[in-house]
Amino acid sequence: MILASNISCKRGNNLIFENLNFKIEDGVATIISGKNGSGKTSLLRILANLLKPKKGDIIWKGKSIYKNIDEYHKELTYIADINCSKENLSVYENMKFWKNLYKSSISNDLFLKLLSNIDLDNYINERVKNLSSGQKRKLELTRLIIEERHTWILDEPFLGLDQHSVSIIGQTISDHLKQKGTVILSSHIPVNITNKTYIDLDLHESN
Amino acid sequence: MSQINKNLFIFFKSILSISFRDIKIQFRNMSYIYSIMIFFIMIILIFIFAIGPDEEQLKVYLIPILWSILILCSCISINNLLKDDYLDGNFGIYQFTGISFELIAISKIFTSWILYQLPILILMPFIAFIIEINETKIFHLIITIAIGSPILTVFTLISSAMMLTNSKNLILGSIIMIPLCIPVIIFSIGAITNDQELFTAQINILLSIFFASLAIGPWVISGCIKIALKN
């Protein structure tokens, strides 16, 4: 469980939100909603410790994440709104790199199964630069399985995906929640996830 | 014990995967490396034409010129070394791997040296031979470049890390880097042009700069990356 206590965020001279308090429970998807500029990405980056809040604290396992940052990081998968796959490498080379980087125990057979589920099995040796934006996004989302982490922080994961792919990723998220995983995501696209709760940033907007 | 060895193996495999990936990506874009080498040769030619047909004068100035061009070539790659990983969010995801940014910086130093300095080190004896520098000086030149080029790589990466959040004033990277290179160029050219006794002394000083830069550089680079990530 993650607790956010009195978080405020300032970007430049703008106070994006202030005194935000919420609880993120295991087994429940927390969907962050709000209009453009309401601070969804900033909040996700704060939760991933990629951005320092102006004030406030994130509590995880009874302690501030800032006092236990290495352990906290080892629990996280963060999918940003941009893809981090390398354009000059093939689909397989990117996945293999993530596997080695995250010391994952995932097998090659599972790689193929994973790619087949998201209709990328015919592109396994294709360079990423030749894929469509939706296919690149699907490749990025394979990190959820490859990294084998407990907490998923997803910034607009369905960007550019077709309806079929959205439902597959929605199902993957639901399966992760059934295993008591934690999922925090922001999305403008409605998704079928069984167990979810919302944080509406428009209600915490600072003027 | 075997479990510890296995964990260590997996850990180093994880770090090396970053280096191997960077090398693989750059090898698929060889035009950049070729461009640096062609730039290096062309600037030498420009200086040769500028100095004119006086061979004695050419022999006096050529070694300082070669070293200056080496620094210029390092400056060119400043904006290419870390920016991609920063812009596509790779530095963000490295945070969650359990590998410290200092180790990632060491991996980047190793990769950058292999990609941008080693080709020039290999090219150097041929160029020195073509322009008729004597054998002892060629040998000294190669030794100074072998020790000096990793130092330049560290300085380039420090400058590159400082420039991560700066996308407008690209010349600033070179302005940060060039003053750092002054001691390296003084002792490298001193080692080549002075007699044998001074050669050893100056090489020792170069070696001390080499070890100091390897010891301090990764921490500075990692600090700059962390600051850039929080912005």
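Keep in mind that this is a model prediction, so the values were computed, not measured.

A. Examining the overall build of chain A more closely. Looking only at helices and strands, chain A has 7 helices and 9 strands in total. The globule rule puts the C-alpha radius of gyration for 207 residues at 17 Å, and the 17 Å found for chain A is close to it. Overall, chain A is about 50 × 35 × 30 Å in size when its C-alpha atoms are taken along their principal axes. For chain A, buried positions account for 55% of its 207 residues. For chain A, the exposed surface amounts to about 9,300 Å²; the carbon and sulfur share of it is 45%. Looking at chain A, you have 28 positive and 24 negative side-chain charges, and the mean spots of the two groups are 5 Å apart.

B. Region of interest: the side chain of Asn68 of chain A. Assignment of secondary structure puts Asn68 of chain A in the loop between strand 5 (63-64) and helix 2 (69-73). Excluding its chain neighbours within four sequence positions, the residues that come into contact with Asn68 of chain A are Trp60 and Lys63 of chain A.

C. Region of the structure containing empty space enclosed by the protein. Residue and element names in this part refer to chain B. Within this structure, the stated rule accounts for 2 cavities of 30 Å³ or more. In terms of lining residues, the largest cavity is bounded by Ser74, Ser77, Leu81, Ser112, Tyr116, Gln117, Thr153 and Thr156. Looking at the lining of the largest cavity element by element, the count peaks at 3 residues for helix 7 (residues 101-130). Here the second largest cavity defines a volume of roughly 30 Å³. Lining the second largest cavity are Ile78, Asn79, Leu82, Lys83, Ser160, Met163 and Leu164. The class makeup of the residues in the lining of the second largest cavity is 4 nonpolar, 2 polar and 1 charged.

D. Representation of the interface of chain A and chain B within the structure. In this complex, chain A contributes 28 residues to the contact, which on the side of chain B involves 28 residues. In total, about 2,400 Å² of surface goes out of reach between chain A and chain B, with carbon and sulfur atoms giving 59% of it. The largest per-residue losses of area from chain A upon contact with chain B belong to Lys86, Phe97 and Lys103 of chain A, which jointly make up 25% of the total buried on that side. Our count for the chain A to chain B interface comes out at 4 salt bridges. As a salt-bridge pair, Asp88 of chain B and Lys86 of chain A come within 2.7 Å of each other at their nearest N and O atoms. For the side of chain A that touches chain B, the elements supplying multiple residues, two or more each, are strand 6 (76-79) and helix 3 (91-101) of chain A. When residues in the side of chain A that touches chain B are grouped by element, the largest group, 5 residues, is from helix 3 of chain A. A per-class count over the side of chain A that touches chain B returns 12 nonpolar, 6 polar and 10 charged.

E. Spotlight on the sheet that holds strand 4 (residues 55-60) of chain A. Residue and element names in this part refer to chain A. With antiparallel pairing, 4 strands are arranged side by side in an open sheet as 2-1-4-5. With one partner strand each, in any of the chains shown, strand 2 (14-24) and strand 5 form the two edges of the open sheet. Examined bridge by bridge, strand 1 (residues 2-11) and strand 2 share 7 bridges and lie antiparallel to one another. Paired with Cys9 across the two strands is Phe17, which belongs to strand 2. Sheet strands touched by helix 1 (residues 40-47): strand 1, strand 2 and strand 4. Its angle to strand 2, the strand with the most contacts, is close to 55°.

F. Spotlight on the confidence of the model for chain A. Summing up the model confidence of chain A, the mean pLDDT is 88 and the portion of residues at 70 or higher is 98%. By mean pLDDT, strand 9 (residues 196-200) of chain A is the weakest element of chain A at 79, and helix 5 (residues 133-141) of chain A is the strongest at 94.

G. Region of interest: the pattern of salt bridges. Under the criterion given, the structure shown has 14 salt bridges over all chains. For Lys74 of chain A, the salt bridge is made with Glu71 of chain A, and the minimal N-O distance between the two is 3.9 Å. One salt bridge in this structure joins Lys108 of chain B and Asp85 of chain B, with 2.5 Å as the shortest N-O distance. One end of the pair, Lys108 of chain B, is in helix 7; the other, Asp85 of chain B, is in helix 5 (residues 83-87), and 23 residues separate them in sequence. Judged by its relative accessible area of 2%, Asp85 of chain B falls in the buried class.

H. Seen up close, the environment of Ser174 of chain B. Residues and elements named next belong to chain B. Among the structural elements, Ser174 can be located in helix 9 (residues 172-193). Sequence separation between Ser174 and Cys75 is 99 residues; the distance between their C-alpha atoms is 5.5 Å. Other than its neighbours up to four places away in sequence, Ser174 contacts Cys75, Ile78, Ser159 and Pro179.

Each value, and the rule that gives it
- Residues numbered from 1 in each chain as written.
- Chains lettered and ligands numbered in written order.
- Predicted model: local features only at pLDDT ≥ 70, side-chain atom pairs only at ≥ 80, totals over all residues.
- Heavy atoms only, no water.
- Helix = DSSP H or I, 4+ residues; strand = E, 2+ residues; numbered from the N terminus.
- Rg over C-alpha atoms; globule rule 2.2 N^0.38 Å.
- Buried < 20%, exposed > 50% of the residue type's maximum accessible area, 1.4 Å probe, protein only.
- Areas by Shrake-Rupley, 256 points an atom, 1.4 Å probe, with all protein chains shown as cover.
- Lys, Arg positive; Asp, Glu negative; His and termini not counted.
- Charge placed at Lys NZ, Arg CZ, Asp CG, Glu CD.
- Contact = heavy atoms within 4.5 Å.
- 1 Å grid on protein atoms, 1.4 Å probe; cavity = no way out; pocket = protein on both sides within 12 Å on 5 of 7 lines; lining within 4 Å.
- Points joined across faces, edges and corners; volume = space filled by probe spheres on them.
- Nonpolar A, V, L, I, M, F, W, Y, C, P; charged D, E, K, R; others polar.
- Buried area = accessible area lost by both parts, 1.4 Å probe.
- Salt bridge = Lys/Arg side-chain N within 4 Å of Asp/Glu carboxyl O.
- Pairing = 2+ DSSP bridges.
- Axes fitted to C-alpha atoms, helices over the stretch in contact; angles between N-to-C directions.
- pLDDT = per-residue confidence, 0-100.

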